[in-house]
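# A structural walkthrough
In case you want the letters, here they are:
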Amino acid sequence: MEKEDYSINIIGAGLSGLVAARVLEDYGYQPTIYEAESHVGGRLRTFEVDGYQLDRGFQVMLSQYPKVQQYLDLEALKLQKLKPGAVIYNKRESTRIGDPTRDISALLPTIFSSIGSISDKFKVLKLNLELKKLSIQEIFNKEENTTLQYLQNKGFSEKMISNFFRPFFSGIFLEPDLKTSSRMFEFVYKMFGEGDAVIPKGGINAIPMQLYKRLKTTKVNFNSRIKQVTDDLLTLENGEQVKSHFTIIATEASSMVANLRGQKQQWKSCRCLYFTVEEDVIGDAIIGLQSDKEKLVNNIFYHSSILNNNATEGKLLSATIVRDVEYCEEELVEKVSEELKFEFGIKTIKFLKQFYIPKALPDLQDIQYELQSTEARLSTQVFLAGDQLLNGSQNAAMLSGERAALGVIEVLEG
Ligand SMILES: Cc1cc2nc3c(=O)[nH]c(=O)nc-3n(C[C@H](O)[C@H](O)[C@H](O)COP(=O)(O)OP(=O)(O)OC[C@H]3O[C@@H](n4cnc5c(N)ncnc54)[C@H](O)[C@@H]3O)c2cc1C
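The structure displayed is predicted, hence computed values, not measured ones.

### Re the side chain of Arg 403
Position of Arg 403 among the secondary structure elements: in helix α11 (residues 394–413). The buried category is assigned to Arg 403, whose relative accessible area is 13%. What Arg 403 contacts, discounting residues up to four positions off in sequence, is Lys 67, Glu 370, Leu 371 and Ser 373.

Structure representation (structure tokens):
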């Protein structure tokens with residue numbers, strides 16, 4: 001049989017599915033992607049509302065991710081860098097700090113003293129040096145703890161944890177208690193220290209769009225939700241059936257595969273509200289963090305500081321909430337607007353949109369960096385991919401897609 005005659009099917013056109021298709025194409029195969037939605041990108045989507053470009057949730061890419069460097073043309077993405085560091089808000093006061101992960105000298109002792117102690121400063125320095133020396137794999141081989149326990153074990157003061165580490169990493173891990181694995185903390189900390197946090201000029205969806213546009217022989221079927229997967233057959237929701245030599249499920253597989261039912265993945269959720277606001281009180285492309293855990297908003301970011309904007313009225317601001325709330329949208333908008341006004345000194349002009357993302361990041365324990373292609377194999381003909389197999393990051397999604405595709409190729413080519 002010729003390579004192009006194999007029916008290789010990928011379920012999902014998120015980062016993992018798109019990279020799986022890329023790798024299969026590179027080896028001469030012609031896969032088909034089945035995507036439930038009408039767009040590529042999965043969790044990386046961008047919408048236009050009133051001429052403003054809104055990402056479905058505030059999300060950045062870390063330029064140092066190994067798979068980002070391998071699979072993306074970073075120049076073509078016109079990446080906009082966020083300024084390292086953060087503006088920390090507490091009780092209506094704001095303090096701008098440099099990024100401790102890369103430039104400890106940016107933390108002037110006086111400014112720093114309101115965030116942490118001198119001893120914290122030395123501990124940050126020690127942590128930076130320690131993580132610089134460790135390879136990513138060494139980080140993931142270390143014993144796992146919660147991030148909070150890890151920081152406490154390192155001797156950081158409660159003040160340093162609650163004023164900097166908790167708000168900053170809660171926004172990344174999308175949970176307020178720093179329960180996320182210390183391996184993820186070390187990995188992300190290292191990536192921040194060695195590269196930039198970036199967003200493409202065209203919004204976060206430009207990343208999967210680039211992968212999609214570069215596919216030449218892959219066929220993508222949109223609005224095609226797969227209901228069931230067996231070794232050699234896919235059943236679509238509309239009842240249609242497709243014979244398959246190999247299938248890569250590049251999303252949560254439990255609802256599609258009979259023997260995985262009951263193994264439901266746990267997820268972390270978040271809410272992201274977009275507003276137009278009168279002025280840019282930060283005046284820079286830097287994240288604003290709320291260090292009071294009791295408040296609703298975890299972080300704010302002025303997207304108008306970096307993105308395309310066809311609209312002229314007002315600056316574009318996002319406010320992200322990472323803890324559970326039970327308000328209806330109207331109540332939430334009112335409460336968030338109040339917080340923006342009283343805690344951050346920001347007057348909103350108009351509420352644009354709320355994105356509630358129930359499945360934002362997989363809630364995982366024993367997180368991993370690597371996946372052997374054999375580990376991605378569910379059965380003779382079915383392989384798995386998706387960030388939920390490793391850790392919640394774009395890097396993990398791409399890596400898992402690559403490994404699943406290599407798994408298929410290994411079976412075919414030995
Ligand atoms: C708000 C938010 C913030 C984030 N922040 C960051 C960050 O700053 N840095 C970072 O590295 N990562 C971040 N992430 C995580 C990152 O977005 C994900 O790790 C990555 O996009 C996952 O890609 P994936 O291909 O594994 O899954 P997905 O993107 O979920 O793709 C799965 C695809 O499969 C499709 N699908 C599902 N079921 C079916 C079916 N039955 N049939 C057909 N198609 C189906 C879906 O429609 C979807 O397109 C964030 C995520 C969110 C939501």
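### Section: the sheet that holds strand β9 (residues 197–200)
With antiparallel pairing, three strands are arranged side by side in an open sheet as β5-β9-β6. With partners counted over all chains shown, the strands left at the sheet margins are β5 (61–62) and β6 (79–81), one partner each. With two bridges joining them, β5 and β9 adopt antiparallel strand pairing. By the bridge assignment, Leu 62 is partnered in β9 with Ala 197.

### As for the site of the ligand
Looking at the ligand, there are 34 residues lining it, with Ser 16, Glu 35, Gln 59, Tyr 65 and Asp 387 nearest. Taking Gln 394, its main chain carries an N or O atom lying 2.9 Å from an oxygen atom of the ligand. Across the complex, the protein chains shield 91% of the 1000 Å² of accessible surface that the ligand would expose by itself. Where the shell around the ligand is concerned, the elements lending two or more residues are α1 (15–26), β19 (348–362) and α11. Partitioning the shell around the ligand into residue classes produces 17 nonpolar, 12 polar and five charged. Counting only domains with at least three residues in the shell around the ligand, you end up with domain 1 (3–44 + 205–264 + 372–413) and domain 2 (46–81 + 198–202 + 267–362).

### Details of a negative patch on the surface
On the surface, Glu 329, Glu 330, Glu 331, Glu 334 and Glu 338 cluster together into a negatively charged patch. On the secondary structure map, Glu 338 appears in helix α10 (residues 329–344). Looking at Glu 338, the relative accessible area reads 41%, which means it is partly exposed.

Calculation criteria
- Residues numbered from 1 in each chain as written.
- Predicted model: local features only at pLDDT ≥ 70, side-chain atom pairs only at ≥ 80, totals over all residues.
- Heavy atoms only, no water.
- Helix = DSSP H or I, 4+ residues; strand = E, 2+ residues; numbered from the N terminus.
- Buried < 20%, exposed > 50% of the residue type's maximum accessible area, 1.4 Å probe, protein only.
- Contact = heavy atoms within 4.5 Å.
- Pairing = 2+ DSSP bridges.
- Near = heavy atom within 4 Å.
- Polar contact = N/O pair within 3.5 Å; in protein donor to acceptor, adjacent residues only side chain to side chain.
- Areas by Shrake-Rupley, 256 points an atom, 1.4 Å probe, with all protein chains shown as cover.
- Nonpolar A, V, L, I, M, F, W, Y, C, P; charged D, E, K, R; others polar.
- Domains from an automatic or database assignment.
- Patch = residues over 30% accessible without salt bridge, like charges linked within 9 Å, V, L, I, M, F, W, Y side chains within 5 Å.
- Salt bridge = Lys/Arg side-chain N within 4 Å of Asp/Glu carboxyl O.
- Lys, Arg positive; Asp, Glu negative; His and termini not counted.
- Charge placed at Lys NZ, Arg CZ, Asp CG, Glu CD.

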